[in-house]
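Below, each chain spelled out in residue letters.
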Amino acid sequence: MTLNSVRFSFRQPFRVSARAAYEWCTDFRDSDGRLFEQKWERQVRRLSGDALVLVDTTWPNGRRRVIHRLVRLNPEELSWTNTHLTGPFQHSQYWYRISSDGTARSHLDFSGLRLVRSSKPLGASKVAEIAAEERRGDSTLWRDRLAPALERDLGR
């Protein structure tokens, strides 16, 4: 079994301040499942002031999947990381940073490192194809669901 590193990134603008966006994005709650299109349940286990474990349960193709994610918060830099501890993309890691674009505007810079298992190393074109798919899926989720929810919740 081979692990293939698939890197991808995108930027998502917000019509809210950077601090407000960061606070919304890192206010992890059990009710977060409502933000996603598919059935999603979440349990939040706080480890310390800057570390927590998310236990997410989803049902892709009707089959129950549980993923544990370690989230580390860095409020001074308006950033956080999300590392998959279990699940099909175990040890994959995602970095988030909110930056200010003025008093009422900001953006998220997202970088992902998805570790994809395969029987043999994937070629560069296949890695690029998976990266484009991941970028498209994650950026669409932020553009169509999460950013509008953030702006709606914060009154924009």
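Residues numbered from 1 in each chain as written. Predicted model: local features only at pLDDT ≥ 70, side-chain atom pairs only at ≥ 80, totals over all residues. Heavy atoms only, no water.

(A) Main features of the environment of Y94. Its location among the elements puts Y94 in strand 6 (residues 93-100). On the basis of relative accessible area, Y94 is assigned to the buried category, the value being 4%. Setting aside chain neighbours within four positions, we find Y94 in contact with F8, W80, T81, N82, H84, F110, S111, G112, L113 and R114. (Helix = DSSP H or I, 4+ residues; strand = E, 2+ residues; numbered from the N terminus. Buried < 20%, exposed > 50% of the residue type's maximum accessible area, 1.4 Å probe, protein only. Contact = heavy atoms within 4.5 Å.)

(B) Looking closely at the pattern of salt bridges. For the structure shown, the criterion picks out 11 salt bridges. Between K126 and E129 there is a salt bridge; the shortest N-O distance is 3.2 Å. One end of the pair is K126 and the other is E129, both in helix 2 (residues 124-153) and 3 residues apart, which spans about a single turn. Taken together, the shared-partner salt bridges connect R42, D56 and R69 into one network. (Salt bridge = Lys/Arg side-chain N within 4 Å of Asp/Glu carboxyl O.)

(C) Fine view of the nonpolar core. Counting 32 residues, the largest nonpolar core has F14, F28, W80, I98, L108 and W142 as the members making the most contacts within it. Sorting elements by how many residues they give to this core places helix 2 first, with 8 residues. Residue contacts for F14: discarding those within four places in its chain leaves A21, I98, A104, R105, S106, H107, L108, W142, A147, L150 and E151. (Core = buried A, V, L, I, M, F, W, Y, C linked by side-chain atoms within 4.5 Å.)

(D) Highlighting the side chain of S92. You can see S92 is positioned in the loop between strand 5 (79-84) and strand 6. Taking the relative accessible area as the measure of exposure, S92 reaches 0% and is therefore buried. Engagement of the side chain of S92 in a polar contact is seen with the backbone oxygen of F89, the distance being 2.8 Å. Among residues more than four places away in sequence, those in contact with S92 are N82, T83, H84, L113, R114 and L115. (Polar contact = N/O pair within 3.5 Å; in protein donor to acceptor, adjacent residues only side chain to side chain.)

(E) Representation of the pairing of strand 6. Pairing of strand 5 with strand 6, which is carried by 5 bridges, proceeds in the antiparallel orientation. Residue N82 lies in a different strand from strand 6, and its bridge partner there is Y94. Adjacent in sequence and paired antiparallel, strand 6 and strand 7 (residues 106-118) are bridged by 5 residues, among which G102 carries a positive phi angle near 125°. (Pairing = 2+ DSSP bridges.)

(F) Expanded view of helix 2. Look at helix 2: 41 Å from first C-alpha to last across 30 residues, which is about the 44 Å you get at 1.5 Å a residue. Its axis deflected by about 40° at W142, helix 2 carries its strongest bend there. Regarding helix 2, the residues found buried are V127, I130, A131, E134, S139, W142, L146, A147, A149, L150 and E151. In this structure, the buried side of helix 2 is in contact with strand 1 (2-14), helix 1 (18-25), strand 6 and strand 7. (Expected span 1.5 Å × (residues − 1). Bend = angle between axes of the 7 residues up to and from the residue.)

(G) Fine view of the packing of helix 1 against helix 2. Closest axis-to-axis distance for the helix 1/helix 2 pair is 10 Å, and the angle between their directions is 110°. Judged by the inter-axis angle, helix 1 sits roughly perpendicular to helix 2. The way helix 1 lies across helix 2 gives a crossing that is right-handed. On helix 2, the residues touching A21, W24 and C25 of helix 1 are W142, L146, A149, L150 and D153. (Axes fitted to C-alpha atoms, helices over the stretch in contact; angles between N-to-C directions. Parallel < 35°, antiparallel > 145°, perpendicular 65-115°, else oblique. Left-handed = near helix turned anticlockwise from the far one by under 90°.)

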